[in-house]
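Each chain, letter by letter, is given below.
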Amino acid sequence: MKALVALILLVQLPIHKAVPAAPPAPLGCDDPESVAAAEAAVNYINGHSHHGYKFALNRIEDIRVVPQGPNNDIIFLELDLLETKCPILSPTPLANCTVRSFAEHAVEGDCDVKLQKVDGTLSVLASKCHSHADSSEDILKVCPDCPLLASLNNTEVLGLVSAALNDYNSKTTDSYLRLLEIGRAKIQYHPAHAVVAEFAVGATNCSAEEAKANAGACQLLPEDQSNFGFCTAVMVKRPSQDLQVDCQLYGHQVPAPYIPLPCQDTSAGLVPSAVGFTNHNLGLSHNNPAASESSSSEILRAMLSAKSVTKRAAAEAAQHDKVPRPVGFVPLPPPCPGKIRHFDI
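Just so you know, these numbers come straight off a predicted model, no measurement behind them.

## Looking at the sheet that holds strand β2 (residues 72-87)
Pairing between the strands of a sheet is mediated by backbone hydrogen bonds and can be parallel or antiparallel.
Right, so step 1: Spatially, β1-β2-β3-β4-β9 is the arrangement adopted by the five strands of the open sheet, whose pairing is antiparallel. On the outer flanks of this sheet lie β1 (53-69) and β9 (285-287), each paired with one strand and no other. Ignoring which end each strand starts from, the neighbouring axes of this sheet average 15 degrees apart.
Right, so step 2: Judged from the 11 bridges that link them, β2 and strand β3 (residues 107-118) form a sheet pairing that is antiparallel. Across the sheet, the residue bridging to L82 is E108, located in β3.

## Things to note about the packing of aromatic side chains
Between two aromatic rings, the relevant description is the distance of the centres plus the angle of the planes.
Right, so step 1: This structure, assessed with the given rule, holds two aromatic pairs.
Right, so step 2: Ring geometry for F102 and F343: centres 6.0 Å apart, planes at 90 degrees, overall edge-to-face. Remark: F343 occurs in the segment after α6 (296-320) and F102 occurs in the loop between β2 and β3; sequence separation between them is 241 residues. You'll find F102 and F343 in the same group, each marked buried.
Right, so step 3: In this arrangement the basic side chain of R100 is found over the ring face of Y53, its NZ or CZ atom lying 4.7 Å from the centre.

## Things to note about the state of the cysteines
Here, the word disulfide means a covalent bond between the sulfur atoms of two cysteines.
Right, so step 1: Overall, the coordinates contain six disulfides when judged by the stated rule.
Right, so step 2: The residue that forms a disulfide with C111 is C129, at a sulfur-sulfur distance of 2.1 Å. Between C111 and C129 the disulfide shows an S-S torsion of about 120 degrees. By sign, it is right-handed. With C111 in strand β3 and C129 in strand β4 (residues 121-133), this pair connects stretches of sequence that are 18 residues apart.
Right, so step 3: Residue class for C111 comes out buried when judged on its relative accessible area of 2%.

What counts and what doesn't
Residues numbered from 1 in each chain as written. Predicted model: local features only at pLDDT ≥ 70, side-chain atom pairs only at ≥ 80, totals over all residues. Heavy atoms only, no water. Pairing = 2+ DSSP bridges. Helix = DSSP H or I, 4+ residues; strand = E, 2+ residues; numbered from the N terminus. Axes fitted to C-alpha atoms, helices over the stretch in contact; angles between N-to-C directions. Phe/Tyr/Trp six-rings, centres within 6.5 Å; stacked < 30°, edge-to-face > 60°. Buried < 20%, exposed > 50% of the residue type's maximum accessible area, 1.4 Å probe, protein only. Lys NZ or Arg CZ within 6 Å of the ring centre and 35° of its normal. Disulfide = S-S within 2.5 Å.

Here it is as structure tokens:
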């Protein structure tokens with residue numbers, strides 16, 4: 001009898017099935033892990049860019065994490081960057097670089113980056129970037145009198161750079177400087193006619209005095225003695241003629257920055273890398289040699305796939321939001337895109 005009662009009680013006991021663990025919540029664009037990955041990506045991008053200026057993080061647009069195994073993740077990032085005032089050759093840390101204001105005709109960078117995180121250590125596998133200046137219409141709406149970016153091969157700009165270098169070299173007793181590239185330029189017509197240019201320079205193996213005899217024979221210093229710098233020049237043409245030049249040399253840097261173009265002489269009329277452009281396109285497509293399986297095309301495919309998943313999730317969330325919520329319910333903010341750190345273009 002006791003055995004029968006025990007059997008009946010056993011049959012009546014509820015059966016608890018094992019509940020599978022819920023998948024981890026998607027990583028938000030402003031989560032500390034996302035920000036750390038974005039900072040690593042920006043440092044990599046600036047470290048592999050050889051033109052123009054350093055870029056700073058403005059917003060994390062999207063993030064996708066693909067687990068590869070225990071403590072091993074592949075991370076795909078979509079980033080919005082903004083141009084700073086620090087030339088790419090400058091040794092100034094990015095944290096100390098000022099982002100150009102909207103009124104200065106800001107330049108935005110769009111980047112897709114693939115990283116790997118193993119045991120907490122981040123490494124960039126590949127990146128693909130391009131940049132563009134804000135539209136002239138947007139600038140003039142906010143600041144009707146602000147000068148806009150001029151083409152880097154504009155004849156007035158080239159004339160200013162040539163005059164500025166000649167002026168500086170005629171007054172210095174140090175190394176003769178040669179032009180590496182023009183970074184930015186603006187032309188103002190009212191109330192005064194003025195031209196402004198920023199350009200990178202390199203010290204040569206000649207002194208300024210020696211260069212007077214044959215400047216064409218002066219060559220950039222070898223890597224173990226390299227000395228790069230940056231100049232800003234302003235020429236007022238009306239109502240009176242005035243030229244101001246300020247150059248800063250950075251001193252030898254180790255490792256020396258990579259200069260992909262030979263120095264250009266403005267007397268030739270054009271800077272080949274700048275024909276038709278108002279700013280240096282970030283234009284970076286780089287694969288880490290240590291990650292042979294990675295490619296920029298793979299980044300784009302993965303990011304497009306991530307975007308389609310994000311769109312589906314957003315549509316499902318919108319449908320889900322039509323369901324009545326309890327009083328006092330506060331919905332969580334969307335995980336992406338993240339906050340804007342500076343301003344939107």
